[in-house]
Structure formats: structure tokens, C-alpha cells
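# Report on the structure
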Amino acid sequence: MRIKSEFILLILGLITGYIIFYFSLLVTPPERKMGDLVRIMYIHVPVAWVSLLSFTLVFVFSILYIFKRDLIWDIYSESAAEIGVLFNFLTLVTGMLWAKAVWGYYWVWDPRLTTTLILFFLYSSYLLLRGFIDTPDKRARFSSVLGIIIYVDVLFVYFSVRLWRSVHPSPFAPGDVFITSSMKYALFLSFIPYLIFFLLLFLLRYKIGKRAAEKLGVIK
């Protein structure tokens, strides 16, 4: 019997997630200033990385559609955008919980927080735009152009702590968050289960989009 790739990804995600969560939440030491509050970093940071990865894929797939005019790239873009919005929302939620615990406020209008919130609204608008356009080719053209333009905010999110004064902590900036070698390894490894679940969701969403396009006869 053939084992589906989705099932394999699910098992790998659960196994790696259990191992990484155990290591990062129970084995690694607390941070010298925040104590155990720093452990939300092992969820917040990789979720944020995956959201930016998703939007980067939207950018790449949009360019590929413009050059190749193949609707399969548009399906890839839509799939990546939906997952990106989900992970971006999780980034905002976990960030607000961390902010409340450390700063005493759920939200401050910090450059990184603000650009991340704008990112959520931009890609939500991208998905809404798709819903208002019925013609597949026209929808793909408009979506591709928009997917390229709004990617600028992804760059703003990434460089925000360097472009403007920011209270947002960075685990890799000296003095912001003091992390040991084991904490650093755990942070990088924590990306693995989230990446696996991203691949799982992307594969499922792509198959749904492809099946819908095949029923409409726009792709074979």
C-alpha cells in the first residue's frame, strides 16, 4: 500500500515538534533577564520565519506566472499566500502575548510590529482581491502584480529593526536577548517542525486549488 506524502509529513512534523519542544521548553536554560518567558521565542520566531518564507514564495511564484503565463504558478501563489496569512496571524498573537508578559502591554506601535500588522492586512487584501475576480487569467494577472508590489513590506519587516529605532528584541543582536549556545541551536532547530507543517499545508492547499481548476477546465 502506498503511503501518502501528507501522512509522512504529518508524522515527521509531530515527531520533530515533540523533540524540539521538549528540548527548547524543558532542557534549555531561562534567559537571564526574562527568565522562562523567553521560551515563547521558540514558537514566535520560527512562526514569523515561516510567514516571511510563505510571502517570499508568493513573490517568486508571481514572477514565474508573469513570465510563463501558466496558471499552475498562480495556484502555488494562492496556496502560499493563505498559509502565510495564517502564520502571520500566529506571529502577531504570540508576539502580543510575549509583549504583554515583558512590556506590560499587548501592543506598542514599534516599527517591526507595525510593519508586520500591515503585512497581515496587505496579504489578506491580496486574497480578497482574488475572490472578486472570476476570470482565472485576469485574476492571476492582477494577483501576480499585487504579489510583487506588496512584497516590499516583507523587506520592511526584515530590516525594520535596522532602519528605525525599535524596542523589538532580536535574539541575535548583542544586548537584546542573552542566549546560550544551546538556546541558539534550539531556536534554529525549532524551525524544522514548522517548516514541515508548512509543506504539509501547502501540499494540501495546492491539491485543492489544482482540483478546482481542473473542474473548471482552466488547467489539465
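Residues numbered from 1 in each chain as written. Predicted model: local features only at pLDDT ≥ 70, side-chain atom pairs only at ≥ 80, totals over all residues. Heavy atoms only, no water.

## Things to note about the packing of aromatic side chains
- The full count for this structure, using the stated rule, is 17 aromatic pairs.
- Consider the rings of Trp49 and Phe191, whose centres lie 5.9 Å apart with planes at 70°: the pair is edge-to-face. Here Phe191 lies in helix H8 (residues 191-216) and Trp49 lies in helix H2 (residues 41-68), a separation of 142 residues in the sequence.
- Owing to a relative accessible area of 27%, Trp49 belongs among the partly exposed residues under this scheme.
- With centroids separated by 5.2 Å and ring planes inclined at 35°, the aromatic side chains of Phe61 and Tyr76 adopt a geometry described as tilted. Residue Phe61 is found in helix H2, and its partner Tyr76 is found in helix H3 (residues 71-103); the two are separated by 15 residues along the sequence.
- For Tyr76, a relative accessible area of 21% corresponds to the partly exposed category.
- Taken together, the ring pairs in this structure connect Phe61, Trp73, Tyr76, Phe198, Phe202 and Tyr206 into an aromatic cluster. (Phe/Tyr/Trp six-rings, centres within 6.5 Å; stacked < 30°, edge-to-face > 60°. Helix = DSSP H or I, 4+ residues; strand = E, 2+ residues; numbered from the N terminus. Buried < 20%, exposed > 50% of the residue type's maximum accessible area, 1.4 Å probe, protein only.)

## Structural notes on the confidence of the model for the protein chain
- Across the protein chain, the average pLDDT comes to 88, with 92% of residues at or above 70.
- At the low end of the mean pLDDT range in the protein chain sits helix H7 (residues 181-189), at 84; at the high end sits H2, at 95. (pLDDT = per-residue confidence, 0-100.)

## Examining the environment of Thr180
- Residue position: Thr180 is located in the loop between helix H6 (152-163) and H7.
- For the pair Thr180 and Glu31, spaced 149 residues apart in sequence, the C-alpha to C-alpha distance is 8.5 Å.

## Notes on H2
- The end-to-end C-alpha distance of H2, which contains 28 residues, comes to 40 Å, matching closely the 40 Å that a straight helix rising 1.5 Å per residue would cover.
- In the stretch just after H2, Arg69 is the one whose phi turns positive, near 55°. (Expected span 1.5 Å × (residues − 1).)

## Quick notes on the environment of Thr94
- Mapping Thr94 onto the fold places it in helix H3.
- Residue class for Thr94 comes out buried when judged on its relative accessible area of 13%.
- For the pair formed by Thr94 and Gly147, sequence separation is 53 residues and the distance between their alpha carbons is 26 Å.
- Excluding its chain neighbours within four sequence positions, the residues that come into contact with Thr94 are Ile40, Ile43 and His44.
- Polar contacts involving the side chain of Thr94 include one to the main-chain carbonyl oxygen of Thr91, which spans 3.2 Å. (Contact = heavy atoms within 4.5 Å. Polar contact = N/O pair within 3.5 Å; in protein donor to acceptor, adjacent residues only side chain to side chain.)

## A look at the nonpolar core
- Membership of the largest hydrophobic core comes to 33 residues, with the highest contact counts inside it found for Leu119, Tyr123 and Val154.
- Ranked by residues supplied to this core, first place goes to H3 with ten residues.
- If we ignore the near neighbours within four places in the chain, the residues touching Val154 are Leu52, Phe55, Leu119 and Tyr123.
- Within the second largest apolar cluster, eleven residues are counted, among which are Met34, Trp98, Met183 and Ala186. (Core = buried A, V, L, I, M, F, W, Y, C linked by side-chain atoms within 4.5 Å.)

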